[in-house]
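Chain by chain, the residues run as shown.
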Amino acid sequence: MSEQVKKPVGIMETVLRDAHQSLIATRMPTEKMLPIVDKMDKVGYAAVECWGGATFDASLRFLKEDPWDRLRKLRDGFKNTKLQMLFRGQNILGYRPYADDVVYAFVQKSIANGIDVIRIFDCLNDLRNLQAAVDATNKFKVSEGRGESQVALSYTLGDAYTLEYWADMAKKIEEMGADSICIKDMAGLLVPYKAAELVKTLKENTKLPIQLHTHYTSGVASMTYLKAVEAGVDIIDCAISPFALGTSQPATEVMVETFKGTEYDTGYDQNLLAEIADYFRPYREECIDSGLMSTKVLGVNIKTLLYQVPGGMLSNMVSQLKEQKAEDKYQDVLEEIPRVRKDCGEPPLVTPSSQIVGTQAVFNVLMGERYKMATGEFKDLLRGKYGQTVKPMNQEVIDKVIPGEERFTSRSADAAGLTNEMDKLEAEMKEYKQQDEDVLSYALFPQVATDFFKYRQAQQEKIDLTKGDSANGAYPV
Ligand SMILES: [Mn+2]
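If you're wondering where the values come from, they're calculated on a predicted model, not measured in any experiment. (Residues numbered from 1 in each chain as written. Predicted model: local features only at pLDDT ≥ 70, side-chain atom pairs only at ≥ 80, totals over all residues.)

> Explanation requested: the overall build of the protein chain in the structure shown.
Secondary structure summary: the protein chain contains 21 helices and 8 strands in total. For 477 residues, the compact-globule estimate of 2.2 N^0.38 gives 23 Å, and the C-alpha radius of gyration of the protein chain, at 23 Å, lies within 12% of that figure. When its C-alpha atoms are laid out on the principal axes, the protein chain stretches across 75 × 75 × 50 Å. (Helix = DSSP H or I, 4+ residues; strand = E, 2+ residues; numbered from the N terminus. Rg over C-alpha atoms; globule rule 2.2 N^0.38 Å.)

Next up, the structure:
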């Protein structure tokens, strides 16, 4: 009897990033994470995703936490596990393109503060917008002794997105010097048999490891993982069960059990995973009781497959309509989104293209006339300032929204005329600077970061006051 060849599948645990971003609007504070880090570090995960995406914005804006401080604390705790982050290509963790010097500085500080794997994506799949971040990661991998660049394909559906298209992308990603490829299915559109086909195609066209990221939103995700693993995918993204399913990822324990005893066996200890789940379960209950976790996001939403709209985008849209007291227009907007997407070159819908297309669809419906008004971001998208789309844009829409204006074909940072920004940004915020990383927080979210810096200062002064010698009127400065 021949020995079975083992090819254990790896799991990236998302509970500290995407799972709580998807289920509780990224509101898990660092203090909730730290007590369980020790146990998580013993599992043997391929990586733990803990930073990037919306965590940076939400930390500063809502939790009044320094995201860099969170990263350093997690790095201290995770002695044996790779830490992973999500990075929006030239847009870094923000909503507009940045000059290369900001991209380099951000990558350097991310790695220096503890990140191992940087997952880099572009909302238009314009690979030129990923090159600077990949080059920066490869550069600091050498100087910092840590760092891997993973390029993510923003998975989407449409005429242009054939297997040949994805195969060609995979080849180009390998050529650009990335360490691995991720299929990033942010909306849960990838169905099981299509996943097998896609993974097989990518494997035939690149030697790079392939990781698969999806969401449970449409209900097919764990079947998709099963077929993808059989087709040879190397790592799957999962969330520990109390923060799994719904708009989050498939459950870690379920996938571990599925592959137990097969050639794909992860080898993870279910008892240890059960202890981790026990830790997060009361927090889940707390979030449901407070309304932070809505049971609405926990079920199967098949509309995802019909309208191809990511979960986060749906909730944004609902709140925009609520503000305008136009909740009855929900269905109209849902149907307008694919039309707007077609008009602007059929891009994937992922931050920031998802917000741009979604908001424009809301405008089109509420104004009662399509493109009567357009947002600044939508105009920039038509101008080519976010990069190139796979399909051409609708000329009639271009003529109506930006008549006679110049359009760009270069990569986003060049189209926006950005060369060096760091000095200018530092000059703007220097009165608040306590660490080099503060300049980067300010670069991404000028107003939110400034508010945070002021809050931080007030906290520090308050703490210092208690240490002061009030009788003699002497305070530490
Ligand atoms: Mn995701």
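> I would appreciate a short explanation of helix H10 (residues 252-259) in the present structure.
Counting along an α-helix, one turn takes 3.6 residues, and residues three or four places apart therefore face a common direction. Taken together, the buried positions of H10 are occupied by Thr252, Met255, Val256 and Phe259. Angularly, the buried residues of H10 cover 105° about the axis, an arc narrow enough to put them on a single face. One or two positions beyond H10, positive phi appears at Gly261, with a value near 80°. (Buried ≥ 20, exposed ≤ 12 C-beta atoms within 10 Å, placed from the backbone. Arc of directions from axis to C-beta.)

> What's the story with the environment of Ala58 in this structure? I'm lost.
Of note, Ala58 is situated in helix H3 (residues 55-63). Under the C-beta neighbour-count criterion, Ala58 is labelled buried, with 21 such atoms within 10 Å. On a C-alpha basis, the gap between Ala58 and Lys433 in space is 20 Å, while along the polypeptide they are 375 residues apart. If near-sequence neighbours (up to four positions away) are discounted, Ala58 is found in contact with Thr26, Arg27 and Leu63. (Contact = placed C-beta atoms within 7 Å.)

> Honestly, the nonpolar core in this entry has me stumped. Any pointers?
When a protein is soluble and globular, its nonpolar side chains tend to lie buried together. With 134 residues, the main nonpolar core has Val103, Ile120, Ala133, Ile181, Ile236 and Ile240 as its most contacted residues. In contact with Ile120, not counting residues within four places along its chain, are Phe87, Gly89, Leu130, Ala133, Val134, Ser149, Gln150, Val151 and Ala152. (Core = buried A, V, L, I, M, F, W, Y, C linked by C-beta atoms within 7 Å.)

> Where do I start with the sheet that holds strand S5 (residues 148-154) in this structure?
Two pairing modes exist for strands in a sheet, parallel and antiparallel, and in both the strands are linked by backbone hydrogen bonds. Read around the closed barrel, the 8 strands follow the order S1-S2-S3-S4-S5-S6-S7-S8; overall the barrel is parallel. The average undirected angle you get between the axes of adjacent strands in this sheet is 30°. (Pairing = 2+ DSSP bridges. Axes fitted to C-alpha atoms, helices over the stretch in contact; angles between N-to-C directions.)

> So what exactly am I meant to see when it comes to the packing of helix H5 (residues 100-112) against helix H6 (residues 131-144) here?
To characterise two packed helices, one gives the angle between the axes of the helices and the distance between these axes. Interaxial distance between H5 and H6 falls to 9 Å at its minimum, and their mutual angle equals 40°. Looking at the two axes, H5 sits oblique to H6. Like other packed secondary-structure pairs, H5 and H6 cross with a definite hand, here right-handed. Listed contacts from H6 to Asp100, Val103, Tyr104, Val107, Gln108, Ile111 and Ala112 of H5 are Ala132, Ala133, Ala136, Thr137, Phe140 and Glu144. Its residues placed into classes, the contact of H5 with H6 shows 9 nonpolar, 2 polar and 2 charged. (Parallel < 35°, antiparallel > 145°, perpendicular 65-115°, else oblique. Left-handed = near helix turned anticlockwise from the far one by under 90°. Nonpolar A, V, L, I, M, F, W, Y, C, P; charged D, E, K, R; others polar.)

> Even after reading the chapter, I still don't get the packing of helix H14 (residues 330-343) against helix H15 (residues 353-367), so can you show me in this structure?
Close contact between H14 and H15 brings their axes to 8 Å; oriented N to C, the two are set at 120°. As far as their axial angle goes, H15 and H14 are oblique. Handedness of the H14/H15 crossing: right-handed. On H15, the residues that touch Asp332, Val333, Glu336, Ile337, Val340 and Arg341 of H14 are Val357, Gly358, Gln360, Ala361, Val362, Asn364 and Val365. In the contact of H14 with H15, the residues fall into 7 nonpolar, 3 polar and 3 charged.

> Please explain the pairing of strand S4 (residues 117-120) as it appears in this structure.
Look at any regular strand and the pattern is simple: side chains alternate between the two faces of the sheet. Of the two faces of S4, the one carrying Val117 and Arg119 and the one carrying Ile118 and Ile120 are both buried. By the bridge criterion, 4 bridges tie strand S3 (residues 83-87) to S4 in an arrangement that is parallel. When the sheet's bridge partners are listed, Phe87 is paired in S4 with Ile120. At this point the chain moves from S3, through H5, to the parallel S4, and the crossover so formed is right-handed. Here S4 pairs with S5 via 4 bridges, running parallel. Bridged to Val117 within S5 is Glu148. Since S4 and S5 lie parallel, the crossover through H6 that links them has a hand, and here it is right-handed. (Right-handed = clockwise from strand over helix to strand, strands pointing away.)

> What is the right way to look at the environment of Arg61 in this model?
Along the chain, Arg61 turns up in helix H3. Under the C-beta neighbour-count criterion, Arg61 is labelled partly exposed, with 17 such atoms within 10 Å. Sequence spacing of Arg61 and Ala449 is 388 residues, and the spatial spacing of their C-alpha atoms is 7.6 Å.

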